[in-house]
Structure formats: C-alpha cells, structure tokens
Amino acid sequence: AYLAKIGLGVLDALTGGKGSDLGQTAGMFGCAAANALSLRSNRAAETQADLEGARLMAAAGYDPRDMAGFFETLYERSGAGASAASNDHPDTARRVAAIDEIAMTLEVAPAPVRDTREFRRIKSKLIGRR
C-alpha cells in the first residue's frame with residue numbers, strides 16, 4: 001500500500017495532478033491498478049489463512065472439512081450472487097477446494113470433535129441475541 005501511494009504520488013506529479021485532465025485520468029487508472037494488486041495479495045493472504053486454519057483444526061482434533069462446510073453454508077445464506085471480484089476474499093468454491101485438498105494430507109482424528117459444552121454455551125448466547 002505504501003509503495004502504491006508513492007507510485008501514485010509520482011504519477012500525479014508527472015501528469016500535472018488533479019488540476020489537469022491527464023492527471024485525473026492517470027490518477028483514476030493508477031488507483032484502479034493499485035486496488036487490483038491489493039485485492040490479489042489480500043486473496044492470497046486469505047487462502048493462506050484458510051490453509052493454516054485447516055492445519056490447526058486437524059492438530060486440535062477437529063475435521064478441517066467442517067471449515068469447508070462452513071464456507072459453503074455462509075455462501076448459501078449470504079446470497080450466492082456476491083462476486084469475488086468485489087471483495088478481498090477468494091471465491092468460495094476455490095476456498096472449499098483448497099481446504100478439501102489440504103485435508104487429504106492432514107491426519108484427522110477418527111472421531112473428530114464437532115460439539116462441546118463450551119460451543120453449545122456460546123451458541124445459545126448468540127441465538128439469544130437475534
């Protein structure tokens with residue numbers, strides 16, 4: 001983000017700034033390019049976080065495929081029409097596929113944890129807040 005800001009500043013200086021048509025056009029395209037690069041790196045970071053989360057789940061005795069199921073449920077409930085291009089999250093189908101792929105390489109407990117007293121307690125608190 002810092003490098004993009006410097007680049008946009010240089011572009012602004014070279015094209016006459018916001019006071020000229022060229023400067024305004026260059027600034028508009030420069031901002032769009034900086035946003036596109038930022039989205040791509042944010043999506044990569046989200047994917048990396050998903051995969052690390054899957055590893056941690058397996059290590060803690062949970063089935064990481066449950067995280068993939070969560071993303072599918074969230075996608076279905078939030079309106080499947082949301083475009084991945086409009087946010088910094090990877091496409092849901094890609095997230096699920098990546099989690100499913102890494103889950104095959106992880107040692108998952110034969111009877112993974114799916115419910116605990118603490119989970120039920122927190123869930124009941126959340127349901128009560130609707």
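The structure we're discussing is the one just above.
Residues numbered from 1 in each chain as written. Predicted model: local features only at pLDDT ≥ 70, side-chain atom pairs only at ≥ 80, totals over all residues. Heavy atoms only, no water.

The next thing to look at is the side chain of aspartate 63. Summarising the element assignment, aspartate 63 is placed in the loop between α2 (21-59) and α3 (65-77). Aspartate 63 sits in the buried class, given a relative accessible area of 6%. Only 2.9 Å separates the side chain of aspartate 63 from the backbone nitrogen of arginine 65, close enough to count as a polar contact. Engagement of the side chain of aspartate 63 in a polar contact is seen with the side chain of arginine 114, the distance being 3.2 Å. Sequence-distant contacts of aspartate 63, that is, excluding residues within four places in its chain, are made with Met57, Val108, Pro112 and Arg114. (Helix = DSSP H or I, 4+ residues; strand = E, 2+ residues; numbered from the N terminus. Buried < 20%, exposed > 50% of the residue type's maximum accessible area, 1.4 Å probe, protein only. Polar contact = N/O pair within 3.5 Å; in protein donor to acceptor, adjacent residues only side chain to side chain. Contact = heavy atoms within 4.5 Å.)

Further remarks concern the environment of alanine 93. Positionally, alanine 93 belongs in helix α4 (residues 92-103). By relative accessible area, which is 52% here, alanine 93 ends up exposed. Spatially, the C-alpha atom of alanine 93 lies 9.2 Å from that of alanine 68, the residues being 25 residues apart in sequence.

So, on to the packing of α3 against α4. Axis separation between α3 and α4 bottoms out at 8 Å; the angle between their running directions is 170 degrees. What the angle tells us is that α3 and α4 run roughly antiparallel. Between α3, through Arg65, Met67, Ala68, Phe71, Glu72 and Tyr75, and α4, the contact on the second element is made entirely by Thr92, Arg95, Val96, Ile99, Asp100 and Ala103. The residue inventory of the contact of α3 with α4, partitioned by class, reads 7 nonpolar, 1 polar and 4 charged. (Axes fitted to C-alpha atoms, helices over the stretch in contact; angles between N-to-C directions. Parallel < 35°, antiparallel > 145°, perpendicular 65-115°, else oblique. Nonpolar A, V, L, I, M, F, W, Y, C, P; charged D, E, K, R; others polar.)

Take the nonpolar core next. With 7 residues, the main nonpolar core is built from Ala54, Met67, Ala68, Phe71, Val96, Ile99 and Ile102. When residues of this core are traced back to their parent elements, those giving at least two are α3 and α4. (Core = buried A, V, L, I, M, F, W, Y, C linked by side-chain atoms within 4.5 Å.)

Bringing the packing of aromatic side chains into the picture now. Tallying each qualifying case throughout the model produces 1 aromatic pair. Ring geometry for phenylalanine 70 versus phenylalanine 71: centroids 5.6 Å apart, planes at 55 degrees, classification tilted. Above the plane of the ring of phenylalanine 71 lies arginine 95, whose end atom (NZ or CZ) is 4.1 Å from the centre. (Phe/Tyr/Trp six-rings, centres within 6.5 Å; stacked < 30°, edge-to-face > 60°. Lys NZ or Arg CZ within 6 Å of the ring centre and 35° of its normal.)

Between its first and last C-alpha atoms α4 spans 16 Å; for 12 residues at 1.5 Å apiece the expected length is 16 Å, and the two agree. Backbone nitrogen of alanine 93 and a side-chain oxygen of the N-cap are separated by 3.2 Å at the start of α4; the cap is aspartate 91. (Expected span 1.5 Å × (residues − 1).)

By themselves, these figures tell us nothing about what the structure is for.
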